[in-house]
Amino acid sequence: MWRFFGTALALVLAFSPSAVSADDLTGSTRFLCSAVQATECLVGGDCAIDLPWNLNIPQFIEVDLEAKMLSTTAASGQNRTTPIEYFESEDGVISLQGYENGRGFTFVIAEETGQLTVAIATKGEAVIVFGACTPLATAAESGRK
């Protein structure tokens, strides 16, 4: 079922107008994603557009493909991490999926542009988030040890 949603989101991402500027992620294994807009929908069809942080969605999320982990930035003070259960990169699209605390999620990221679409679902509620991602330097690239 999640594979269907990932494919559907990839198609939406590919054909939607670019509202957010992002960066080329080709070859990157670590990147920073910023949530820009969120739409929350409830059973019955009631939907509302809101700022992501008003829906308890972090403004910035660090993605580490090698560690298979999503995490909030240290500066946020939130100290949240979530494992990536499934990862695939195919035809210029990075797909990440996971499940935690009763919520399933799918991230779809266009490698060439860094455009981000996220779907989060739980019983009776779904949230779609749009945003952008940019590469993060590895410790070796940034001169840290």
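If you're wondering where the values come from, they're calculated on a predicted model, not measured in any experiment.

**Student:** With reference to specific residues and values, describe the pattern of salt bridges.
**Tutor:** A complete count under the given rule lists two salt bridges for this structure. Between Glu62 and Arg30 there is a salt bridge, with its nearest N and O atoms 3.9 Å apart. Placement of Glu62 in strand 3 (residues 60-64) and of Arg30 in strand 1 (residues 30-42) is noted, with a sequence separation of 32 residues between them. Exposure remark for Arg30: the relative accessible area of 22% places this residue in the partly exposed category. Residues participating in the shared-partner salt-bridge network are Arg30, Glu62 and Asp64.

**Student:** Tell me about the state of the cysteines, and name the residues and values.
**Tutor:** Should the sulfur atoms of two cysteines be covalently bonded, the bond is a disulfide. Per the stated rule, a full pass over the model turns up two disulfides. Between the sulfur atoms of Cys33 and its disulfide mate Cys133 the distance is 2.0 Å. Residues Cys33 and Cys133 share a disulfide whose torsion about the S-S bond is about 100°; that sign makes it right-handed. Taken as a pair, Cys33 in strand 1 and Cys133 in strand 10 (residues 125-135) lie far apart in primary sequence, 100 residues in all. Across this residue pair, the class does not change: Cys33 and Cys133 are buried. A sulfur-sulfur separation of 2.1 Å characterises the disulfide bridge that pairs Cys41 with Cys47. Between Cys41 and Cys47 the sulfur-sulfur dihedral comes to about 115°; the bridge is accordingly right-handed. Residue Cys47 is classed as partly exposed on the basis of its relative accessible area, which comes to 48%.

Conventions we followed
- In this numbering scheme, every chain counts its residues from 1 along its sequence in written order.
- In keeping with the model being predicted, local features are shown solely for residues with a pLDDT of at least 70 and side-chain atom pairs are shown and tallied solely at 80 or more, while totals for entire chains, interfaces and linings include all residues.
- Side-chain measures here rest on the full set of heavy atoms in the structure, leaving out hydrogens and waters.
- Only one rule defines a salt bridge in this text: a Lys or Arg side-chain nitrogen within 4 Å of an Asp or Glu carboxyl oxygen.
- Only DSSP runs of H or I covering at least 4 residues are called helices, and only runs of E covering at least 2 are called strands; the numbering of each starts at the N terminus.
- In this scheme, a residue with accessible area under 20% of its type's maximum is buried, one over 50% is exposed, and one in between is partly exposed, where area comes from a 1.4 Å probe on protein chains only.
- When the sulfur atoms of two cysteines come within 2.5 Å, that pair is taken as a disulfide.

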